[in-house]
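Next come the chains, spelled out residue by residue.
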Amino acid sequence: MTTTTPPVTLDDVRDAAARLKGVAHHTPVLRSRTLDALVGAEVFLKCENFQRMGAFKFRGAYNAASRLTPEQLAGGIAAYSSGNHAQAVALAARELGTTAVIVMPEDAPPSKRAATYGYGAEIVTYDRYTGDRVAIAEALAAERGLTVIPPYEHPHIMAGQGTAALELLEEVGELGAMLAPVGGGGLIAGTSTVAKGLHPGIRVIGVEPETGDDTKRSLEAGRRVSIPVPHTIADGQALHTPGELTFSVNQRLVDEIALVGDDEIRDAMRFAFERLKIVVEPSGATPLAALLTGRAGALPRRVGVIVSGGNIDAERFAELCGKRD
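The structure contained in this document is the topic of the report that follows. (Residues numbered from 1 in each chain as written. Predicted model: local features only at pLDDT ≥ 70, side-chain atom pairs only at ≥ 80, totals over all residues. Heavy atoms only, no water.)

## Digging into the sheet that holds strand β5 (residues 122-126)
Selection criterion: Pairing between two strands is assigned when DSSP locates at least 2 bridges connecting them. Strands here are runs of E lasting at least two residues and helices are runs of H or I lasting at least four, both read from the DSSP assignment and numbered beginning at the N terminus. Whether two residues touch is decided by their heavy atoms; if any such pair falls within 4.5 Å, the residues are in contact. Structural elements are reduced to axes, namely lines fitted to C-alpha atoms, with helices fitted over the stretch in contact, and the angle between N-to-C directions of any two is expressed from 0 to 180 degrees.
The strand order across the open sheet built from 4 strands is β5-β4-β3-β6, with neighbouring strands paired in parallel fashion. Because the sheet does not close on itself, it has two edges, and the strands there are β5 and β6 (147-148). Bridge analysis of strand β3 (residues 77-80) against strand β4 (residues 100-105) gives 4 bridges, and the strand direction is parallel. From the neighbouring strand, A79 faces β4, where its bridge partner is I102. On the sheet, helix α5 (residues 84-95) packs against β3 and β4 and is oriented at approximately 170° with respect to β4.

Written as structure tokens, this is what we have:
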């Protein structure tokens, strides 16, 4: 009988947690009686919007970058990202005393571009609808001798992202369900690895924007499916196909994918601001939107949610969350 070793294990996540101790923030878990009453469950929000650089991405980026050899660190790092992984790699590179070159789409949120530059990275832009960010980054890496750290398609990235779920479960105990946003699949892969590893009966629910349902389609088809690059306010989830490694994990461990619309994401962002008193970016609000709309289905008594980030500038937040006609 042939067995395949998974690209990330619970022990990998625990090892990443040890490496991140004292470097990444142990982010707070937020409770709300109002939210509990609305959704009919006890909800535990793991607030990665309070993570360094404002999102969970620092966990994976630092876990991966810190494992590079001295020679690789001396040569510098390359990455590609619409924003949060860009900032995470830039900050990790600064922490480790090296440099970073980040390939970012031209329409990336200005606040994320400014933060990436502020952490000391060089930015190379491209058109996300016509350009190939992976090819651009790999060409730069070959030309300059850089080491590429991808945003999700790497075991160390998935393991690092899983530390958020590990912290949550260690703090609050067993949960009946866990929700997390799905873009390339690194966060939900790490989350499901931890959740199923500690509590095999837990229900793992990924959440995607309606126009960016590549993972849902892929799980239903039993293979990776590509879609046109989606137009959605959830820029961190505007991908056209799941990662190969991440899909191999998620196909085995994720129970279902819920979809939410842009207006529902706006409502969830507004709810988080007005009732929970936190700022959440669109991608980070998708699991909350799935709860508030009932799209996550019938819920068990205790539910965990990874609030993945809060990187959004004031003008964009006001534009998205202002009153609609």
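## Things to note about α5
The criterion, for reference: Any helix carries an expected span of 1.5 Å times its number of residues minus one. Remark: exposure states derive from per-residue accessible area (1.4 Å probe, protein chains only) relative to the maximum for the residue type, with buried under 20%, exposed over 50%, and partly exposed in between.
Along its 12 residues, α5 runs 16 Å from first to last C-alpha, staying within 8% of the 16 Å computed at 1.5 Å per residue. The buried fraction of α5 amounts to 10 of the 12 residues, a majority that puts the element mostly inside the structure. Those residues of α5 that sit buried are N84, H85, A86, Q87, A88, V89, A90, L91, A92 and A93. Where α5 is buried, its residues touch α3 (57-65), β3, β4, α6 (110-118) and α8 (155-172).

## Some points on the packing of aromatic side chains
A ring pair, where both rings are aromatic, is described by two values, the distance of the centres and the angle of the planes. Heads up, the rule is: Note on ring pairs: Phe, Tyr and Trp rings are taken, using the six-membered ring of Trp, and paired if centres are within 6.5 Å. Classes follow the plane angle, with under 30 degrees stacked, over 60 edge-to-face and the rest tilted. Think of it as a cone above the ring: NZ of Lys or CZ of Arg counts as a charge over the ring if it is within 6 Å of the ring centre and within 35 degrees of the ring normal.
Evaluation of the coordinates by the stated rule reveals 2 aromatic pairs. Between F58 and Y62, the aromatic rings sit 5.7 Å apart at their centres with planes inclined by 35°, giving tilted as the arrangement. With F58 and Y62 both in helix α3 and 4 residues apart, the pair spans about one turn of that helix. We classify F58 as buried; its relative accessible area is 0%. Over the ring of F44 we find R31, and its NZ or CZ is 4.3 Å from the ring centre.

## Digging into the packing of helix α1 (residues 10-20) against α3
The line we're drawing: Working rule for angles: under 35 degrees goes down as roughly parallel, over 145 as roughly antiparallel, 65 to 115 as roughly perpendicular, anything else as oblique.
Orientation of α1 relative to α3, taken along the N-to-C sense of each, is 90°, at an axis distance of 10 Å. As far as their axial angle goes, α3 and α1 are roughly perpendicular. Residue-level contacts link A16, R19 and L20 of α1 to R59, Y62 and N63 of α3.

## Digging into the pattern of salt bridges
What counts here: For this analysis, a salt bridge means a side-chain nitrogen from Lys or Arg found within 4 Å of a carboxyl oxygen belonging to Asp or Glu.
In the structure shown here, the tally under the stated rule is 21 salt bridges. Here R14 makes a salt bridge to D11, at a shortest N to O gap of 3.8 Å. Of this pair, R14 and D11 both sit in helix α1, 3 residues apart, which is roughly one turn of the helix. Judged by its relative accessible area of 54%, D11 falls in the exposed class.

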